[in-house]
Amino acid sequence: MRVTEIAFDESGKVKLTVEIPETEAYLTTHAPNMPRILFRMFPYLAAQRCFNEQGHSFRREALATEIPHLFEHLLLEIQKQVRRGIYADVSISGETEWNWSIDPRGRFHVTVGYDNEIVALASVRLAERIINALDSKEIALIDVDREVRRLRELVKVSRRFIPPIRGSEPEDDDATESDADIEVGV
Ligand SMILES: [Zn+2]
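Residues numbered from 1 in each chain as written. Predicted model: local features only at pLDDT ≥ 70, side-chain atom pairs only at ≥ 80, totals over all residues.

Peer 1: Kindly report on the overall build of the chain, identifying the contributing residues and their values.
Peer 2: Each helix and strand counted, the chain has 5 helices and 4 strands in total. Reading the helices (α) and strands (β) of the chain from amino to carboxyl end gives β-β-α-α-α-β-β-α-α. Pairs at least 24 apart in sequence give 76% of the contacts found in the chain among residues at least 6 apart. (Helix = DSSP H or I, 4+ residues; strand = E, 2+ residues; numbered from the N terminus. Contact = placed C-beta atoms within 7 Å.)

Encoded structure:
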């Protein structure tokens, strides 16, 4: 899985183009250890809210979903851990879309909220590394706790130079993270 494009918009969303080569699986059904190991590494991940067509919990949805959708939730979770206690707003959301009648097969569009570009970029790259390390069974080589601690240091340093963007403030009292999934023309 590769993140081939990263575009920040001023409303507080980062738009990612994610490509899965035809030779690789794009469903977790073909990589069942991927969600299982992720849920062990990130205990709060399974409890994330997920609005999917079937109305499944994310714990269940993750066992049979598109790998970029799992990546989206991982990215939300990493950002949530990194922002905890630093940014007031703990609510960020995301969505995963694809339409292969327009795009080449294997292309997905993942959109998630962010606070500052440096931290978002580093979180995207960490989530991408984790997914690929799970795929190649090299996850033991990544010290996730250390990586998250480094990102938290990055937040503390970079927010002195980059104020939080407008739109990252909470819009309502809902303090839980939410996630909406739009699935188009599979
Ligand atoms: Zn979801």
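Peer 1: Quick one: what's the story with helix H1 (residues 33–41), residue by residue and with numbers?
Peer 2: Inspection of H1 places Met34, Pro35 and Leu38 among the buried residues, and these make up the whole buried set. Summarising the axial view, the buried residues of H1 lie within an arc of 90°, below the 170-degree limit, and thus occupy one face. Looking at H1, the residues exposed on the side facing more than 90 degrees away from the buried face are Asn33 and Arg40. On its buried face, H1 sits against helix H3 (67–83) and helix H4 (117–135). (Buried ≥ 20, exposed ≤ 12 C-beta atoms within 10 Å, placed from the backbone. Arc of directions from axis to C-beta.)

Peer 1: How would you summarise the sheet that holds strand E4 (residues 107–113) if you had to cite specific residues and measurements?
Peer 2: Spatially, the 4 strands line up as an open sheet ordered E1-E2-E4-E3, and their pairing is antiparallel. Taken across any chain shown, the strands that pair with only one partner, and hence form the sheet edges, are strand E1 (2–9) and strand E3 (94–97). Put simply, the sheet's adjacent strands are angled 15° from each other on average, direction ignored. Along the sheet, H3 contacts strand E2 (13–19), E3 and E4; its crossing angle with E4, the most-contacted strand, is approximately 15°. Those strands touched by H4 are E1 and E2, and its axis lies near 160° from that of E1. (Pairing = 2+ DSSP bridges. Axes fitted to C-alpha atoms, helices over the stretch in contact; angles between N-to-C directions.)

Peer 1: Which residues make up the environment of cysteine 50, and what are the values?
Peer 2: Within the element layout of this structure, cysteine 50 appears in the loop between H1 and helix H2 (58–61). The sequence separation of cysteine 50 and glutamate 95 amounts to 45 residues, and the corresponding C-alpha distance is 9.4 Å.

Peer 1: Residue-level account of the packing of H3 against H4, with values.
Peer 2: Running from amino to carboxyl end, H3 crosses H4 at an angle of 130°, the nearest separation of the two axes being 9 Å. When the axes of H3 and H4 are compared, the pair comes out oblique. Handedness of the crossing formed by H3 with H4: right-handed. On H4, the residues that touch Ile67, Phe71, Leu74, Leu75, Ile78, Gln79 and Val82 of H3 are Val119, Ser123, Val124, Leu126, Ala127, Ile130 and Ile131. Split by residue class, the contact of H3 with H4 holds 12 nonpolar, 2 polar and no charged. (Parallel < 35°, antiparallel > 145°, perpendicular 65-115°, else oblique. Left-handed = near helix turned anticlockwise from the far one by under 90°. Nonpolar A, V, L, I, M, F, W, Y, C, P; charged D, E, K, R; others polar.)

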